[in-house]
Amino acid sequence: MNTLAQTGLQYPVLAHFLTTGAILFALGLVGFLSRRNLIIVFLCTELMFQGVVVTLVALSKYHMNITGQTFVIFVLTIAACEAALALALVVLLYRRKRTLDSQSLQELSG
Amino acid sequence: MTTFELAKFIPWFPAVGVILCLICCTKPALRKLAGPICVLSILTSFIVTCLAYKSVPGVVGTTVDENTKFAVLNLFDWIHVGNFKANFSYFFDPLTIIMLFVVTGIGTLIATYAMGYMHGERGYARFFAAVALFIFSMTNLVMGDNLLVLYLGWEGVGLCSYLLIGYYYDQPIAVEAAKKAFIVNRIGDLGFALGIFLTYLTFGSIEFNVIIPAAQELLANGSHAATALSEPVKAAIAQAQSVNPAYLTWIPFLLMLGAFGKSAQIPLFVWLPDAMAGPTPVSALVHAATMVTSGVYMVARLTPIFQLSEYALPAVALVGGITCIFAGTIALTNNDLKGVFAYSTVSQLGYMFIGVAVISVGGIFHLTTHAFFKALLFLTAGSVMHALAGNLDIRTMSGMRKKMPVTCWLMFFGCLALAGFPFTAGYYSKDLLLGDAILSGIKTSDPIAAKMFYIAGILGIITAFMTAFYTFRLWFKVFMGPYKYEMGTDAGHEPVDDMEVITDAVAKQHEQEHDHTHHHGPHEMPLWPMNLPLVPLALGSIILGALVVSGLGILDSKWFESMLENSTQFAASHIDHSEFAHHTHTTVAIISIILAVLGISLAAIFHWWKREWVAPLCKPITPIINILVNKYYIDELYELLIRRPLHTLGRVLFVFDDYVLANLVNFAGFVPRLVGYAVRPTQNGVLQNYGVGMVIGLAVVIIIAFYAWLGF
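Since the model is a prediction, treat every value here as computed from it, not as a measurement. (Residues numbered from 1 in each chain as written. Chains lettered and ligands numbered in written order. Predicted model: local features only at pLDDT ≥ 70, side-chain atom pairs only at ≥ 80, totals over all residues. Heavy atoms only, no water.)

Caption draft 1: Geometry of the overall build of chain B. When helices and strands are tallied, chain B shows 29 helices and two strands. Viewed in the frame of its principal axes, chain B has a C-alpha envelope of about 115 × 80 × 60 Å. When the accessible surface of chain B is summed, it comes to about 30,200 Å², and 69% of that surface belongs to carbon and sulfur atoms. Once the 38 positive and 43 negative side-chain charges of chain B are each reduced to a mean point, those two points are 6 Å apart. (Helix = DSSP H or I, 4+ residues; strand = E, 2+ residues; numbered from the N terminus. Areas by Shrake-Rupley, 256 points an atom, 1.4 Å probe, with all protein chains shown as cover. Lys, Arg positive; Asp, Glu negative; His and termini not counted. Charge placed at Lys NZ, Arg CZ, Asp CG, Glu CD.)

Okay, structure coming up:
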């Protein structure tokens, strides 16, 4: 508590956590839209994900309701699996295309 | 299980035959088994029919109780919906058993003949599968205890007729004829189906054991003891009395249309002469002896219902009479061996309709004798056609008796019976019904109905003369006179075994046989299996009438009469045994004997003795002959009045469809394509662009939600 007080902040309130989550999400979003390396793009989606998770935990704590945090544990577990799967796909794409540039994947253009 | 119980399986022996024949179709080695299988399955049905004969209520020798004039054997419960009930059950009375004898007995003989006739044809097994299927349908038709089973058999025989007419499916003529038969029959069947619906609306039932007693009761106007009636019959009577009385008039006229379609009467007779495109045994079985008589059977079976309308039976008689003379005149000038018999079948069916319409024993009697002699005539005609490699033009034939003596005399017996020569089967049955027709014309109280009966009878008597002439015209032309023939183009009677491996040696042998036969020319048919089955038919054609009418010590005399008197056909009327009736019958018989002998003699003069007289005599009446040769231009008339307008209508609708409907539909398809064209660039496959799209969408949702939260 003291350390926080020394930095000039009072208790970290809900708004702080929500802002952190929003910043994480926005960073991820910008990265997702601007980067072309598939792995980076993928990491950016993870970043957006974490932003959402932080929001969930914060609101759970605020409402004194454990459900949100329980939900986060499950979501993280699933996210781990999903990450493994997505990375595997990226590797396969790389083997086929010999590049990680997302702009080179345009076979589905209408 | 008693013997009688076995009778309910009569249709199912041929059904098993169908399955076995179809199995034979699949394996080349089994194909030649199909014929014997088919014959045996029909023969089994015939034997079972014979065994069941004594147990049928109402047959000669059994005591008849007023309430049990028929028996119903239930095979299985079929349709029960609300108060609608149609079981798969069979109705037995003397009429049924007579029809079963005709169908299975004649069927066995013809199938046996067909084993020889169809030998070596492609599709041998297919042919016998269709024949067995036909017998299955036909027995269902005559045994069904309600209109729905009858209708099922009715459509079944129609299908088999289509399959068998179109047997040579690589010949356009056969395919056309098959389609024609099918379509013309559909028109009649529409009427029949509507008749069945209306019967249900009127009586609340379609079961014979309900509607026939109900109709009888309505006719008798409640003079029977009401207690004797069962509950369903009472309900049916009550319902029939409560509906619009016009229904009772409509039912017989609608059912009549179906009968006229199936039994080739004016105006629906055009399909039958064309049906001769099928193999000859089929012409004999389906298009002469059995199937075409199912309309006659239906009228006979439902006589009490036809009697409910005052003019239904007179109309049947009049149409029968007109068809009779109409087809008879066409047959006079026809030069096609099978064509003459085809038109004579149409004409004889007219007689049968006169017979059943005046509620004469002669109707069904003539059906039976006609089955014998017409089957015989067609099969012998088939033998001639077979011997001449498919040639059917009687102008090219002469003096064939030298090469085909057995066929010649077998056909002679058939011709005698068809011509109504005294004391042959055809003579008894035809004169019986004509006598009854004249009698009805005199005795019927309603003047218009009486006139209709009378005209029908007179037309029948005139036709008797023509029948004698055209029958013997054909016989004298083909079998008498100097020996002369032309071969047809059809080498179909050469055995071509499709299972045989055609090596060079075999091919050469075939070639030699082929040449050999052509060199050899016409030849007699083998005794088995072709000529022998014809002997019972010939015997039947000659002595059946005498056997049935005078007894000859084997059957009770008046056997047929007693049989039918106990059937439902005569439920509401009785045979007139008065002195006057006897007198009328004798007069008609004498007139027709004179006419028959006159016809035969004229035929002998012009077509055997003095053939050179024909041409000069025909010269002054050439226009009339031309009309007859062209069959009264009926086909052309149908073409002009029905086919052409329909075709034109079809073209108009086609144009409408092609230009209006098709464009509308294409426009409906064009709109999404246009929209797709507009939005297609956004789907460029770049991952991040989709991401931008999602974010923009999210932003829009958030903005809307925000403003909604703010309240404006």
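Back to the write-up after that little detour.
Caption draft 2: Main features of the side chain of Ser137 of chain B. By the secondary structure assignment, Ser137 of chain B is in helix H5 (residues 124-143). Classification of Ser137 of chain B by relative accessible area gives buried; the value is 5%. (Buried < 20%, exposed > 50% of the residue type's maximum accessible area, 1.4 Å probe, protein only.)

Caption draft 3: Inspection of the environment of Thr19 of chain A at higher detail. Looking at the secondary structure, you find Thr19 of chain A in helix H2 (residues 14-34). For Thr19 of chain A and Thr55 of chain A, which are 36 residues apart along the polypeptide, the C-alpha to C-alpha distance reads 8.5 Å.

Caption draft 4: Structural view of the interface of chain A and chain B. Each partner contributes residues to the interface: chain A has 14 residues there, and chain B has eleven residues. Between chain A and chain B the total buried area reaches about 960 Å² when both faces are included, carbon and sulfur atoms providing 65% of it. Counting every contact that joins chain A to chain B gives zero salt bridges. On the surface where chain A and chain B come into contact, there are three residue pairs in polar contact (both at pLDDT 80 or more). Only H2 and helix H3 (38-62) of chain A provide two or more residues apiece to the side of chain A that touches chain B. With three residues, H2 of chain A is the largest single contributor of residues to the side of chain A that touches chain B. Of the residues assigned to the side of chain A that touches chain B, the class counts are seven nonpolar, five polar and two charged. (Contact = heavy atoms within 4.5 Å. Buried area = accessible area lost by both parts, 1.4 Å probe. Salt bridge = Lys/Arg side-chain N within 4 Å of Asp/Glu carboxyl O. Polar contact = N/O pair within 3.5 Å; in protein donor to acceptor, adjacent residues only side chain to side chain. Nonpolar A, V, L, I, M, F, W, Y, C, P; charged D, E, K, R; others polar.)

Caption draft 5: How the structure looks around the pattern of salt bridges. All names here are of chain B. What the rule picks out here adds up to eleven salt bridges over all chains. For the salt bridge of Lys8 with Glu5, the shortest nitrogen-to-oxygen distance reads 3.6 Å. According to the relative accessible area criterion, Lys8 is buried, its value standing at 12%. Taken together, the shared-partner salt bridges connect Glu155, Arg186 and Asp189 into one network.

Caption draft 6: Just the UniProt feature "domain: NADH-Ubiquinone oxidoreductase (complex I) chain 5 N-terminal" (unreviewed entry) in chain B, in detail. With numbering aligned to this structure, UniProt lists the feature "domain: NADH-Ubiquinone oxidoreductase (complex I) chain 5 N-terminal" (unreviewed entry) at residues 78-128 of chain B. End C-alpha atoms of residues 78-128 of chain B are separated by 29 Å, and the span's content is 57% helix alongside 25% strand. (UniProt positions renumbered as here; feature names shortened; annotations may be inferred.)

Caption draft 7: Quick peek at unusual backbone geometry. All names here are of chain B. Residue Pro267 is bonded to the preceding Ile266 through a cis peptide linkage, with omega at 5°. Inspection of the secondary structure puts Pro267 in the loop between helix H10 (246-262) and helix H11 (271-274). We note that Lys631 has phi near 55°; this positive angle belongs to a residue other than glycine.

Caption draft 8: Examining the UniProt feature "transmembrane region" (unreviewed entry) in chain A more closely. All names here are of chain A. Within this numbering scheme, the UniProt entry marks residues 13-33, 40-59 and 71-94 as carrying the feature "transmembrane region" (unreviewed entry). The span residues 13-33 shows a helical share of 95% and a strand share of 0%, and its end C-alpha atoms are spaced 31 Å apart. Segment residues 40-59 splits into 100% helix and 0% strand. End C-alpha atoms: 29 Å apart.

Caption draft 9: Summary view of a nonpolar patch on the surface. Residues Phe654, Val655, Phe656, Tyr659, Val660, Leu661, Leu664 and Val665 of chain B make up a contiguous nonpolar surface patch of roughly 770 Å² in combined accessible area. By the element assignment, Phe656 of chain B lies in helix H28 (residues 634-679). (Patch = residues over 30% accessible without salt bridge, like charges linked within 9 Å, V, L, I, M, F, W, Y side chains within 5 Å.)

Caption draft 10: Expanded view of the packing of aromatic side chains. Residues and elements named next belong to chain B. Taken as a whole and assessed by the stated rule, the structure comprises 41 aromatic pairs over all chains. Judged by centre distance (6.2 Å) and plane angle (70°), the ring pair of Phe472 and Trp475 falls under edge-to-face. With a gap of three residues between them, Phe472 and Trp475 both fall in helix H20 (residues 447-479), about one helical turn apart. Taken together, the ring pairs in this structure connect Trp409, Phe412, Phe413, Phe472, Trp475, Phe476, Phe479 and Trp608 into an aromatic cluster. The side chain of Arg186 reaches across the aromatic face of Phe182, ending 4.3 Å from its centre. (Phe/Tyr/Trp six-rings, centres within 6.5 Å; stacked < 30°, edge-to-face > 60°. Lys NZ or Arg CZ within 6 Å of the ring centre and 35° of its normal.)

Caption draft 11: Molecular detail of the confidence of the model for chain B. All names here are of chain B. The pLDDT averaged across chain B works out to 87; a share of 92% of its residues lies at or above 70. Segment residues 492-508: pLDDT under 50, and 21 contacts once partners within four positions in sequence are set aside and those in other chains are kept. Across residues 510-519 the pLDDT falls below 50, and counting only partners more than four positions away or on other chains, this stretch makes nine contacts in the model. Across the interface, the model reports ipTM at 0.78; the global pTM reads 0.79. (pLDDT = per-residue confidence, 0-100.)

Caption draft 12: Broad picture of helix H7 (residues 172-203) of chain B. All names here are of chain B. Between its terminal C-alpha atoms H7 stretches 46 Å, which fits the 46 Å expected from 32 residues at 1.5 Å a residue. Of all the bends in H7, the greatest measures close to 25° and is centred on Ile187. Within two residues after H7, Gly204 carries a phi angle of roughly 70°, on the positive side. (Expected span 1.5 Å × (residues − 1). Bend = angle between axes of the 7 residues up to and from the residue.)

Caption draft 13: Representation of the pairing of strand S2 (residues 84-92) of chain B within the structure. Residues and elements named next belong to chain B. Among the nine residues in S2, eight count as buried, and that is most of the element. One ladder, built from eight bridges, connects strand S1 (residues 71-81) with S2; its direction is antiparallel. Residue pairing across strands places His80 opposite Lys85, the latter belonging to S2. Here S1 folds back onto S2 in antiparallel fashion, the turn holding two residues, of which Gly82 has a positive phi close to 55°. (Pairing = 2+ DSSP bridges.)

Caption draft 14: Quick peek at the side chain of Ser102 of chain A. Take Ser102 of chain A: it is sitting in the segment after helix H4 (67-97). Relative accessible area serves as the criterion here: at 1%, Ser102 of chain A is assigned to the buried category.

Caption draft 15: Layout of the packing of H2 of chain A against H3 of chain A. Residue and element names in this part refer to chain A. It is at 7 Å that the axes of H2 and H3 come closest, and there the two elements cross at 165°. Looking at the two axes, H2 sits roughly antiparallel to H3. Seen from above, H2 lies across H3 with left-handed handedness. Considered class by class, the residues forming the contact of H2 with H3 number 17 nonpolar, seven polar and no charged. (Axes fitted to C-alpha atoms, helices over the stretch in contact; angles between N-to-C directions. Parallel < 35°, antiparallel > 145°, perpendicular 65-115°, else oblique. Left-handed = near helix turned anticlockwise from the far one by under 90°.)

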